[in-house]
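Examining the three-dimensional arrangement
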Amino acid sequence: MILIHNGTVIDGTGAEPRARTSLLIEGERIRWIGPADAAPARQQETTLVDATDKYVIPGLIDAHVHVSRNGREAVSELLKRDRDRLVLEGVESVRNILRSGTTAVRDVGTLHYIEMSLRWAIDAGHIPGPRMRTSGKFLAITGGHAFLTDGPEEFRKAAREQIRAGADTIKLMATGGAATPGQDVQASQMSADEIRAAVEAAHAMNRPVAAHCHGAEGIKNCLLAGVDSIEHGTFLDEETADLMLARGKSLVLTLAVANVDVSKLSATARADADRLMRVRGQLRERMRETVALARAKGVLVGAGTDAGGNPLAPHDFSMAGELETLVAYGFPPLEALTAATKNNARILRWEQELGTLEPGKLADLVILNADPVADISNVRQVSAVFKGGSQVTA
Ligand SMILES: [Zn+2]
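Residues numbered from 1 in each chain as written. Predicted model: local features only at pLDDT ≥ 70, side-chain atom pairs only at ≥ 80, totals over all residues. Heavy atoms only, no water.

Points about the side chain of His214
Mapped onto the fold, His214 is located in the loop between strand E10 (209-213) and helix H6 (216-225). At a separation of 2.6 Å, a polar atom in the side chain of His214 contacts the side chain of Thr234. (Helix = DSSP H or I, 4+ residues; strand = E, 2+ residues; numbered from the N terminus. Polar contact = N/O pair within 3.5 Å; in protein donor to acceptor, adjacent residues only side chain to side chain.)

Dropping the structure here:
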């Protein structure tokens, strides 16, 4: 057993931080949480982790990431590389994700199903990395934001193929996107019939559907067709926010990806980045309105990094950057932490096991050297990461 003793615990439920609190881990689960002076008597085999002057939060969850891409180079460059090299680079990416305090992710778009291999290696204990939900290839119309398929029957089949490949979420590209040249982000690319066919196929296999959407019409089409989470959601408006709320659907914000310092990029990444930044600049201002609207309406908001989604999004403390941006856009730090833990666990359909620090749940947690509620950037001050009750030594 492990006793994490006398820290300030922020449990992820949205409750105020609790000072002088201890947490007992037995095996891979949390067994007890309570006041430090009421901690269960230590047995000989209990390891003590002194958390005095430290802060304990649930492991962060990234609801929107692409682990098979390094986030430093354009996808067109990565596609020229052989799979082995991409896999080995992916090993580095998942290690960086875990050691920066993110203990679970949802991958929403693969290259060569690399995330399935990484997930297997992580779960088998061969390499360090976060727990993973996966979605395989994203489904998009020919000429859309990705390349695959057309018509309801093809979408139905494509969704089933991803599930056969190991996907536990289906990812749709419902509107244009910034990462593909020549796209109008407002365009509603998939037809309502196509969205519905993919949703039916996914739901029949008990898989949720996540849809990349910028324009409001695309968001509306997706919500009406039964899509479970709207990714990005840039042009969310009153109508679509109300619809989201009424149907119990969620919004996964990806804010930081638009705010990267282009001057730090390599020359090869620069060309793609310059183009991206023009589109991103337009989206960024609108995102502030969307964040405020979603919060005012009480929409279930999740947080994603979109790390790996383009050359501006490396896998290095990417959730910290996302949390910082969420706070800069108006979320109080405690609410931002709840979005990145409890809310994301719900969106990943993992809330029985993850997302909050409560007895019975998996002991995925991060010990920080400084208070993240006083300054959200303190999520970068990682002292230790535990996944399933084991300290990460990545
Ligand atoms: Zn993405």
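From this point, the narrative continues.
With respect to the nonpolar core
Among the nonpolar cores identified, the biggest contains 60 residues, and Leu172, Val227 and Ile230 are the most heavily contacted of them. Of the domains in this structure, domain 1 (2-58 + 357-391) and domain 2 (60-347) are the two that each give at least three residues to this core. Once residues lying within four places of it in the same chain are set aside, the contact partners of Val227 are Leu172, Ile195, Val199, Val209, Ala210, Ala211, Cys222 and Lys249. (Core = buried A, V, L, I, M, F, W, Y, C linked by side-chain atoms within 4.5 Å. Buried < 20%, exposed > 50% of the residue type's maximum accessible area, 1.4 Å probe, protein only. Domains from an automatic or database assignment. Contact = heavy atoms within 4.5 Å.)

A few points about the sheet that holds strand E7 (residues 102-107)
Read from one edge of the open sheet, three strands run E6-E7-E8, paired in parallel fashion. In the strand order of this sheet, the two ends are held by strand E6 (60-65) and strand E8 (131-133), each with one partner. This sheet shows a mean twist of 20 degrees between the axes of neighbouring strands, independent of strand direction. The sheet contact formed by E7 and E8 spans three bridges and is parallel. Bridging across to E8, Val105 finds its partner in Met132. Packed on one face of the sheet, helix H10 (residues 333-347) meets E6 and E7 and runs near 65 degrees to E6. (Pairing = 2+ DSSP bridges. Axes fitted to C-alpha atoms, helices over the stretch in contact; angles between N-to-C directions.)

A word on the coordination of the zinc ion
Distances from the zinc ion to its protein donors, His64 (NE2), His66 (NE2) and Asp306 (OD), fall within 2.1 to 2.2 Å. Of note, the donors binding the zinc ion are all from one chain and are spaced H-x1-H-x239-D. Highlighted residues: His66 in the loop between E6 and helix H1 (75-78) and Asp306 in the loop between strand E13 (300-303) and helix H9 (318-328), separated in sequence by 240 residues. Like Asp306, His66 is buried. (Donors = N, O, S within 2.8 Å, 3.2 Å for Na, K, Ca; no water.)

A word on the domain arrangement of the protein
The assigned domain composition of the protein is domain 1 (2-58 + 357-391) and domain 2 (60-347). Taken over both partners, the interface formed by domain 1 and domain 2 buries close to 1800 Å², and the fraction arising from carbon and sulfur atoms is 66%. For the domain 1 face of the interface with domain 2, the top three residues by lost area are Ile376, Arg380 and Lys387, together amounting to 35%. Summed over the shared surface of domain 1 and domain 2, the number is two salt bridges. In this structure, Arg380 and Glu324 form a salt bridge, with 2.8 Å as the shortest nitrogen-oxygen distance. Elements that contribute at least two residues to the side of domain 1 that touches domain 2 include exactly strand E5 (55-58) and strand E15 (382-387). Each residue belonging to the side of domain 1 that touches domain 2 can be placed in one class, and the counts come to 13 nonpolar, five polar and four charged. (Buried area = accessible area lost by both parts, 1.4 Å probe. Salt bridge = Lys/Arg side-chain N within 4 Å of Asp/Glu carboxyl O. Nonpolar A, V, L, I, M, F, W, Y, C, P; charged D, E, K, R; others polar.)

Looking at the sheet that holds strand E9 (residues 170-173)
Taken together, five strands build an open sheet; the order of strands is E9-E10-E11-E12-E13 and the sheet is parallel. Edge positions in the sheet fall to E9 and E13, since each of these pairs with one other strand and no more. Shown here is a sheet whose adjacent strand axes are inclined to one another by a mean of 25 degrees, direction ignored. Sheet topology places E9 next to E10; four bridges connect them, and they run parallel. Looking at the pairing, Leu172 lines up with Ala211 of E10.

As for the packing of helix H2 (residues 83-99) against helix H3 (residues 114-123)
Two numbers describe a pair of packed helices, the interaxial angle and the distance between the axes. One way to put it is that H2 packs onto H3 with a least axis distance of 10 Å and a crossing angle of 50 degrees. With respect to their mutual orientation, H2 and H3 come out oblique. Considering the relative orientation of H2 and H3, their crossing is right-handed. Contacts between H2 and H3 involve Arg83, Leu86, Val87, Gly90, Val91 and Val94 on the former and, on the latter, Ile114, Ser117, Leu118 and Ile122. Residue composition of the contact of H2 with H3, by class: seven nonpolar, two polar and one charged. (Parallel < 35°, antiparallel > 145°, perpendicular 65-115°, else oblique. Left-handed = near helix turned anticlockwise from the far one by under 90°.)

What about H2?
Over its 17 residues, H2 extends 24 Å from the first C-alpha to the last, a length consistent with the 24 Å expected when each residue adds 1.5 Å. Restricting attention to buried positions, one finds in H2 the residues Leu86, Val87, Glu89, Gly90, Ser93, Val94, Asn96, Ile97 and Leu98. For H2, the secondary structure elements touched by its buried residues are H1, E7, H3 and E15. For H2, the side-chain oxygen to backbone nitrogen distance between the N-cap and Asp84 is 3.1 Å, and the N-cap itself is Asp82. (Expected span 1.5 Å × (residues − 1).)

Some details on the pattern of salt bridges
Inspection of the entire model under this criterion finds 24 salt bridges. Across the pair Arg31 and Glu26 runs a salt bridge whose closest N-O atoms are separated by 3.2 Å. Residue Arg31 is classed as partly exposed on the basis of its relative accessible area, which comes to 45%. For Glu26, a relative accessible area of 40% puts it in the partly exposed group. Among the salt bridges present, the one from Lys157 reaches Glu161, with a minimum N-O distance of 3.4 Å. In this pair, Lys157 and Glu161 both sit in helix H4 (residues 152-164), four residues apart, roughly one turn of the helix. Where salt bridges share partners, they join Arg72, Glu73, Arg81 and Glu89 into one cluster.

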